[in-house]
Amino acid sequence: MNKDTYILAIESSCDDTGVAIVKNGREVISNAISSQIDIHTLYGGVVPEIASRNHAVNISGVCKEALKRANMTIDDMDAIAVTYGAGLLGALIVGVNFAKGLAYSHHKPLIGVNHIEGHIAANYIAFKELNLPFLCLIVSGGHTALVEITESSDRKLIGTTTDDAVGEAFDKVARVLGLPYPGGPSVQAHAKNGKSDIEFIKLHKSNDFNFSYSGIKTAVVNYVHNIEQRGEKVPVDDICASFQKQAVEMLVTKTIMAAEKFGYKKIVLAGGVSANAALREAMTQAGEKIGAKVYYPELSLCTDNAAMIGAAGYIGFKNGKGIISPLKIVPSSTIKL
Ligand code: KG4
Ligand code: ZN
């Protein structure tokens, strides 16, 4: 019988300090997280310098907590995995240096994980039977991309945003409406009570698979400013419902078009915006119409967490491609998939 593989994974790319222990890339043994949302809410968004400082304060305690919950020690681990990009540089430096220290002092292999690979791998934890190939829609604060993940694990980018990421648009709409950070969940909550009949932009049919969110973002901002200038009450709920409907429609239309064109029956959602209930529902329904199953992780695995880094790290550990010497790994604010 094969021995089980345990990975201790670290995530610190934005405002969540996470440490998790993952077994065989698919089972979460413990998943400790320290969120800084309450701190950054005071500023209306993540302040990079404050995020770095809080990672530095919290990371050791979060790591101890993850090991305690798992009733394990570092010596029980087969490898240490860490997000080395993309993200806020100062925040990444804290996680990477902590991981380097652990790996070096305990003689463990170190695996550098691309944050976006982590978001995709969250689905391997949620769906033990999920295997390649599949079509993946990556939707986060920094990414909006349609990627084919082939049988041999190659990534083929077939569409991306030409300007803003969809999560960025959710955050901007929330800000202009005076809703708390992070914007996505606030917009979703208000959308529930609103009518979705404001058409911010005309959705054009096109044959490519690219997205654009700056047009709708600017349209919402202008709409709100015009109402404010007239001294009228801003219909927050209706604006949220209408924006969310159009934003989701763009994602669903392009994804279904791509699934049909390239013959995918598995559509996987990854990244923070995949927590959006309207997106999950609309994509599932549209998928059913073309005989495709739609996968998305449970809410706690959609937004940033270390368990997903452990799942992605396991793949890099097993194929040997992810292993980096602890003294060589360098954090990077931008990396490609
Ligand atoms: O993946 P993530 O946690 O961090 C990045 O890697 O960027 O994604 C964060 C983004 C934010 O823009 C946040 O507003 C959005 O995901 N988000 C949502 C929801 N929950 C988080 N957007 C729409 N609806 C949600 N329920
Ligand atoms: Zn993320």
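Please read these numbers as outputs of a predicted model, since none were measured by experiment.

### Focus on a nonpolar patch on the surface
A grouping of Ile39, Leu42 and Tyr43 is seen on the molecular surface, where their side chains present a nonpolar patch of about 340 Å² in accessible area. Here isoleucine 39 shows up in helix 1 (residues 37–41). Residue class for isoleucine 39 comes out partly exposed when judged on its relative accessible area of 31%.

### Remarks on the site of ligand 1
Among the 19 residues in the neighbourhood of ligand 1, the closest are listed as His119, Gly141, Asp171, Gln188 and Gly272. At 2.7 Å, a side-chain N or O of aspartate 171 approaches an oxygen atom of ligand 1. Here ligand 1 has 550 Å² of accessible area as a free molecule, and 86% of this is covered by the chains. A per-element tally of the shell around ligand 1 places helix 6 (residues 183–191) first, with four residues. Classifying every residue of the shell around ligand 1 by side-chain character gives four nonpolar, 13 polar and two charged.

### Digging into the sheet that holds strand 5 (residues 110–114)
Spatial strand order, 3-2-1-4-5-11: six strands in an open sheet with mixed pairing. Only two strands of the sheet have a single neighbouring strand rather than two, namely strand 3 (27–35) and strand 11 (323–324). Note that strand 1 (residues 6–11) and strand 4 (residues 79–85) share four bridges and pair parallel. In the sheet register, alanine 9 faces strand 4, and the bridge partner there is alanine 81. In the packing of helix 2 (residues 48–70) onto the sheet, the strands contacted are strand 1, strand 2 (16–23) and strand 3, and the crossing angle to strand 2 comes to about 25°. On the sheet, helix 4 (residues 115–126) packs against strand 1, strand 3, strand 4 and strand 5 and is oriented at approximately 95° with respect to strand 5.

### Let's talk about the sheet that holds strand 7 (residues 144–149)
On the basis of which strands lie adjacent, the open sheet formed by five strands has the order 8-7-6-9-10 and mixed pairing. The open sheet has two edge strands, strand 8 (155–160) and strand 10 (293–295), and neither has a second partner. On average, each strand axis in the sheet is tilted by 25° relative to the strand beside it, whichever way the strands run. Pairing geometry for strand 6 (residues 134–139) and strand 7, over six bridges, is antiparallel. Residue pairing across strands places leucine 137 opposite leucine 146, the latter belonging to strand 7. Here helix 8 (residues 236–262) sits on the sheet in contact with strand 6, strand 7, strand 8 and strand 9 (266–270), set at roughly 160° to strand 6.

### Some remarks on unusual backbone geometry
Alanine 86 follows glycine 85 through a cis peptide bond whose omega is -10°. Locating alanine 86 in the fold gives a position in the loop between strand 4 and helix 3 (89–105). Backbone geometry places asparagine 24, a non-glycine residue, at a positive phi of 50°. Among the structural elements, asparagine 24 can be located in the loop between strand 2 and strand 3. The exposure class assigned to asparagine 24 is partly exposed, which follows from its relative accessible area of 26%. With a phi angle near 55°, asparagine 71 is a residue other than glycine that sits in the positive phi range. Structurally, asparagine 71 is set in the loop between helix 2 and strand 4. Classification of asparagine 71 as exposed rests on a relative accessible area of 71%.

### A closer look at the packing of aromatic side chains
For the coordinates displayed, the defined rule picks out five aromatic pairs. Look at phenylalanine 170 and phenylalanine 243: their rings are 4.9 Å apart centre to centre, the planes differ by 75°, and that puts the pair in the edge-to-face class. Separated by 73 residues along the polypeptide, phenylalanine 170 in helix 5 (residues 166–176) and phenylalanine 243 in helix 8 bring together distant segments of the chain. A residue is classified by how much of its surface remains accessible, and phenylalanine 170, at 4% relative accessible area, is buried. Phenylalanine 243 sits in the buried class, given a relative accessible area of 0%. Over the face of the ring belonging to tyrosine 295 we find lysine 293, whose NZ or CZ atom lies 4.8 Å from the ring centre.

### Describing the side chain of serine 12
With respect to the helices and strands, the residue serine 12 is situated in the loop between strand 1 and strand 2. On the basis of relative accessible area, serine 12 is assigned to the buried category, the value being 1%. Separated by 3.2 Å, the side chain of serine 12 and the backbone nitrogen of glycine 95 make a polar contact. Aside from chain neighbours lying at most four places away, what touches serine 12 is His55, Ala91, Leu92, Val94 and Gly95.

### Some points on the pattern of salt bridges
Tallied over the entire structure, the rule returns 10 salt bridges. Here lysine 3 makes a salt bridge to aspartate 78, at a shortest N to O gap of 2.8 Å. Of this pair, lysine 3 sits in the segment before strand 1 while aspartate 78 sits in the loop between helix 2 and strand 4, placing them 75 residues apart in sequence. A salt bridge links glutamate 65 to arginine 69; the nearest nitrogen and oxygen atoms lie 2.9 Å apart. Highlighted residues: glutamate 65 and arginine 69, both in helix 2, separated by four residues, approximately one helical turn.

Calculation notes
- Residues numbered from 1 in each chain as written.
- Chains lettered and ligands numbered in written order.
- Predicted model: local features only at pLDDT ≥ 70, side-chain atom pairs only at ≥ 80, totals over all residues.
- Heavy atoms only, no water.
- Patch = residues over 30% accessible without salt bridge, like charges linked within 9 Å, V, L, I, M, F, W, Y side chains within 5 Å.
- Areas by Shrake-Rupley, 256 points an atom, 1.4 Å probe, with all protein chains shown as cover.
- Salt bridge = Lys/Arg side-chain N within 4 Å of Asp/Glu carboxyl O.
- Helix = DSSP H or I, 4+ residues; strand = E, 2+ residues; numbered from the N terminus.
- Buried < 20%, exposed > 50% of the residue type's maximum accessible area, 1.4 Å probe, protein only.
- Near = heavy atom within 4 Å.
- Polar contact = N/O pair within 3.5 Å; in protein donor to acceptor, adjacent residues only side chain to side chain.
- Nonpolar A, V, L, I, M, F, W, Y, C, P; charged D, E, K, R; others polar.
- Pairing = 2+ DSSP bridges.
- Contact = heavy atoms within 4.5 Å.
- Axes fitted to C-alpha atoms, helices over the stretch in contact; angles between N-to-C directions.
- Phe/Tyr/Trp six-rings, centres within 6.5 Å; stacked < 30°, edge-to-face > 60°.
- Lys NZ or Arg CZ within 6 Å of the ring centre and 35° of its normal.

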